[in-house]
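Chains, contacts and geometry: an overview
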Amino acid sequence: MEFAELIKTPRADNVVLHRPFHMAVEGTLCLTGHHLIFSSRRHDNAEELWLLHSNIDSIEKRFVGSLGTIVIKCKDLRIIQLDIPGMEECLNIASSIEALSTLDSVTLMYPFFYRPMFEIIEDGWRSFLPDQEFELLSSVTDEWRLSCINRDFSVCPSYPPVVIVPKSIDDEALWKVAMFRHGSRFPVLSYYHKKNGMVMMRSSQPLTGTNGRRCKEDEKLINATLRPGKRGYIIDTRSLNVAQQARAKGGGFEQEAHYPQWRRIHKCIERFNILQESLIKLVEACNDQSHNMDRWLSKLEASNWLTHIKEILTAACLAAQCIDREGASVLVHGTEGTDSTLQVTSLAQIILDPRCRTIRGFESLVVREWLQAGHPFQQRCAQSAYSNSKQKWEAPVFLLFLDCVWQILRQFPCSFEFNERFLIMLFEHAYASQFGTFLGNNENERSKLKLPQKTMSLWSWVNSAEELIKFQNPLFEANSLVIWPSVAPQSLQLWEGVFLRWNRPSKFLDEAQEEMINIIKYNKQLQAKPNLCPDGRRGVCTAGLHGKEKVETLRLCMACRTLLTGVWSFDTSSARDGSTVS
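In the nomenclature of an unreviewed UniProt entry, the protein chain is known as Myotubularin-related protein 9 of Melopsittacus undulatus. What UniProt records for the protein chain under Sequence similarities (unreviewed entry) is the sentence "Belongs to the protein-tyrosine phosphatase family. Non-receptor class myotubularin subfamily."

Secondary structure summary: the protein chain contains 20 helices and 16 strands in total. In the protein chain, once contacts between residues fewer than 6 apart in sequence are set aside, the share between residues at least 24 apart is 70%. Of the roughly 26,900 Å² of accessible surface on the protein chain, a fraction of 53% belongs to carbon and sulfur atoms.

Bringing helix 4 (residues 216-223) into the picture now. All of the buried residues in helix 4 are Asp218, Glu219, Leu221 and Ile222. Seen end-on, helix 4 carries its buried residues on one side only, within an arc spanning 160°. Those residues of helix 4 that are exposed and aimed more than 90 degrees away from the buried face are Lys216 and Lys220. Summarising the contacts, the buried residues of helix 4 are in contact with strand 9 (163-166), helix 3 (171-180), strand 11 (199-202), strand 13 (262-266) and strand 14 (330-333).

Next up on the list: the layout of surface pockets. Considered as a void within the structure, the second largest pocket measures approximately 980 Å³ in volume. Looking at the second largest pocket, it is lined by 41 residues, and the ones nearest its centre are Lys75, Ser101, Thr102, Leu103 and Ala382. When residues of the lining of the second largest pocket are assigned to their parent elements, the largest contribution, four residues, is made by strand 5 (residues 56-64). Grouping the amino acids of the lining of the second largest pocket by side-chain chemistry returns 19 nonpolar, 15 polar and seven charged.

So, on to the sheet that holds strand 10 (residues 188-192). Whenever strands of a sheet pair, they do so through backbone hydrogen bonds, lying parallel or antiparallel. A sheet is described by the order of its strands in space; here five strands give the open sequence 10-11-14-12-13, paired in mixed fashion. At either end of the open sheet lies a strand with only one pairing partner, and these are strand 10 and strand 13. In this sheet, neighbouring strand axes are inclined to one another by 25° on average, regardless of whether the strands run parallel or antiparallel. Sheet topology note: the strand 12 (residues 232-236)/strand 13 ladder contains five bridges and is parallel. Across the sheet, the residue bridging to Ile235 is Ile265, located in strand 13.

Evaluated as defined, the whole model comprises 23 aromatic pairs. For the ring pair Tyr114 and Phe435, a centre distance of 5.5 Å and an interplane angle of 75° mean the geometry is edge-to-face. Taken together, the residues span a long stretch of sequence, with Tyr114 in the loop between helix 1 (87-100) and helix 2 (130-138) and Phe435 in the loop between helix 13 (420-431) and helix 14 (443-449) at a distance of 321 residues. Take Tyr114: its relative accessible area is 12%, and that puts it in the buried class. A relative accessible area of 2% means that Phe435 is categorised as buried. Between Arg325 and the ring centre of Trp484, over which it is positioned, the NZ or CZ distance is 4.4 Å. Directly above the aromatic system of Trp406 lies the positively charged group of Arg410, at a separation of 5.8 Å from the ring centroid.

Moving on: the side chain of Thr338. With respect to the element layout, Thr338 can be found in the loop between strand 14 and helix 9 (340-352). At a separation of 3.2 Å, a polar atom in the side chain of Thr338 contacts the side chain of Asp339. The residues touching Thr338, leaving out its near neighbours within four places in the chain, are Arg185, Gly374, His375, Pro376 and Arg380.

Attention now goes to the nonpolar core. Counting 95 residues, the largest nonpolar core has Leu347, Ile350, Phe362, Phe398, Phe401, Leu426 and Phe499 as the members making the most contacts within it. Of all the elements, helix 8 (residues 305-324) adds the most residues to this core, at 12 residues. Each residue touching Phe499, except ones within four places of it in the same chain, is listed here: Leu77, Leu279, Leu282, Val283, Cys286, Trp305, Leu399, Asp403 and Leu494. Residues Phe134, Tyr159, Leu189 and Leu226 belong to the second largest nonpolar core, which totals 30 residues.

Running from N to C, helix 12 (residues 397-411) and helix 13 cross one another at 180°; their axes reach a closest spacing of 10 Å. It follows that helix 12 is roughly antiparallel to helix 13 by the angle criterion. Counted together, Phe398, Leu399, Leu402, Val405, Trp406 and Leu409 of helix 12 and Glu420, Leu423, Leu426, Phe427 and Ala430 of helix 13 form the full contact between these two elements. In terms of residue class, the contact of helix 12 with helix 13 is made up of 10 nonpolar, no polar and one charged.

Right, let's get into the pattern of salt bridges. Enumeration over the complete set of coordinates arrives at 26 salt bridges. Where Glu98 meets Lys61, a salt bridge forms, and the shortest distance between an N and an O atom there is 3.7 Å. Here Lys61 lies in strand 5 and Glu98 lies in helix 1, a separation of 37 residues in the sequence. Take Glu98: its relative accessible area is 35%, and that puts it in the partly exposed class. Across the salt bridge formed by Arg271 and Glu336, the nearest N and O atoms sit 2.4 Å from each other.

Attention now goes to the environment of Phe422. Within the secondary structure, Phe422 sits in helix 13. Taking relative accessible area as the criterion, Phe422 reaches 0% and is therefore assigned buried. A C-alpha to C-alpha distance of 10.0 Å links Phe422 and Leu402, two positions 20 residues apart in sequence. Those residues in contact with Phe422, other than ones at most four positions away along the chain, are Ile359, Phe362, Glu363, Val462 and Phe471.

About the cut-offs
Residues numbered from 1 in each chain as written. Predicted model: local features only at pLDDT ≥ 70, side-chain atom pairs only at ≥ 80, totals over all residues. Heavy atoms only, no water. UniProt positions renumbered as here; feature names shortened; annotations may be inferred. Helix = DSSP H or I, 4+ residues; strand = E, 2+ residues; numbered from the N terminus. Contact = heavy atoms within 4.5 Å. Areas by Shrake-Rupley, 256 points an atom, 1.4 Å probe, with all protein chains shown as cover. Buried < 20%, exposed > 50% of the residue type's maximum accessible area, 1.4 Å probe, protein only. Arc of directions from axis to C-beta. 1 Å grid on protein atoms, 1.4 Å probe; cavity = no way out; pocket = protein on both sides within 12 Å on 5 of 7 lines; lining within 4 Å. Points joined across faces, edges and corners; volume = space filled by probe spheres on them. Nonpolar A, V, L, I, M, F, W, Y, C, P; charged D, E, K, R; others polar. Pairing = 2+ DSSP bridges. Axes fitted to C-alpha atoms, helices over the stretch in contact; angles between N-to-C directions. Phe/Tyr/Trp six-rings, centres within 6.5 Å; stacked < 30°, edge-to-face > 60°. Lys NZ or Arg CZ within 6 Å of the ring centre and 35° of its normal. Polar contact = N/O pair within 3.5 Å; in protein donor to acceptor, adjacent residues only side chain to side chain. Core = buried A, V, L, I, M, F, W, Y, C linked by side-chain atoms within 4.5 Å. Parallel < 35°, antiparallel > 145°, perpendicular 65-115°, else oblique. Salt bridge = Lys/Arg side-chain N within 4 Å of Asp/Glu carboxyl O.

Quick look at the structure:
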């Protein structure tokens with residue numbers, strides 16, 4: 001199929017672009033196979049808008065006489081309006097955008113056509129391979145092995161070709177365990193806690209059914225993670241009622257009689273349409289222009305978004321607590337093991353492992369616990385909050401995970417190497433991107449699409465020196481401690497950087513951020529070169545400085561001290577005295 005067949009009107013002049021907090025701009029609108037491009041006609045302040053068709057969630061058409069208006073609502077939650085002279089032109093452009101933004105074939109999407117303009121230093125497709133992760137594990141324990149049982153994806157279509165399993169369990173046993181688990185997702189290693197040797201595994205639900213079916217190989221595999229005399233915890237992300245109902249459909253949960261050394265805990269995390277409806281209600285509340293406080297608070301509460309955040313963080317804290325404080329191994333699963341399970345296992349690692357709070361460590365976590373673990377990005381991120389088409393498998397599972405990470409980052413602002421901008425960037429690229437990283441639903445599909453050969457990895461761009469500096473947190477100071485986030489309702493906030501960024505001007509926030517970065521840089525310079533004053537005292541010497549220069553030096557020093565002291569005292573005390581989840 002040729003893209004030209006879908007573009008009825010490739011160009012329109014005298015189009016007016018409207019965006020919140022920007023002046024209306026007149027210019028030329030062009031449509032290509034993958035982009036909507038708007039170029040202003042003002043020579044004094046020319047600007048361009050490039051919008052991926054895949055980022056368009058829905059469009060609305062309105063007409064007043066011969067003037068047509070198209071309102072474009074995007075998956076990154078922004079809304080823009082185009083005023084197009086001529087009804088026929090407007091209809092043609094709207095029709096073209098609708099067709100180009102809903103292409104059925106993955107291979108027609110922009111990542112297969114994108115050619116990078118930056119220098120490629122690192123092949124992101126090879127940056128976080130399973131054998132590299134296993135090498136790190138092998139340096140601290142020899143109780144695990146790499147299994148290639150799924151090398152051709154014949155055992156489990158949603159697992160990667162290589163997985164980490166207990167060394168005492170052979171591949172023949174893994175075959176039998178796979179037949180006993182939903183979607184053949186048998187228990188695999190998610191995280192090894194160096195402090196005490198406890199582990200976290202993940203899987204899907206067991207297929208016990210109404211007859212209480214059992215699998216001795218499954219019991220042996222799970223018990224292989226336990227230390228002598230120790231108990232383990234199974235965290236089921238479904239309510240007990242839902243887990244019991246699953247038995248009627250052939251699913252179920254681990255029976256205590258067959259898993260006597262394991263205690264099962266149910267921590268209900270909602271799924272699919274409930275989460276999607278929650279996102280839709282939240283975005284609707286954020287776009288409400290009534291300025292009525294009661295209405296805003298009522299809508300925010302009705303969305304239940306922060307309730308979902310609390311549920312996910314509570315389950316993750318519980319898993320981390322079992323491992324670090326109880327000295328017990330943990331198995332996490334829900335039904336399929338591709339959504340809420342991954343939210344819990346990845347957030348627990350952020351709490352426990354300082355490496356996951358670095359940029360490369362977090363990238364590795366996303367690859368390992370989301371991409372390789374089989375989270376169906378193509379299905380979950382097909383629509384955002386504005387789509388008018390009927391929901392199928394869409395759900396903001398990954399966005400909820402990123403929101404939870406932001407909540408922890410906000411509580412521990414010095415313990416993360418990356419900043420909020422890094423998390424927002426991942427949200428944007430999960431829904432629409434020029435890179436192939438988030439295409440497909442699992443490694444099997446990515447292999448068939450030959451993404452590493454035909455598309456560029458997001459990590460190749462992010463880890464380039466020019467881009468990486470934009471995602472670094474100026475407050476970061478490596479913290480080797482376990483960090484315990486508060487999950488109290490008062491501690492959770494709306495992520496304004498995502499949900500309100502298009503609804504309010506960001507100029508003053510950007511200026512404040514820039515000023516903070518300058519203060520931090522100046523403070524580091526002072527720390528690196530402590531001067532010795534004439535009276536023998538160490539510190540910032542203002543001898544020789546006069547007037548404005550002296551005042552400015554002292555002002556910056558006091559600002560640095562106030563900012564850093566306030567933040568550090570909050571960060572480290574929280575790490576020591578963080579809340580415990582019961």
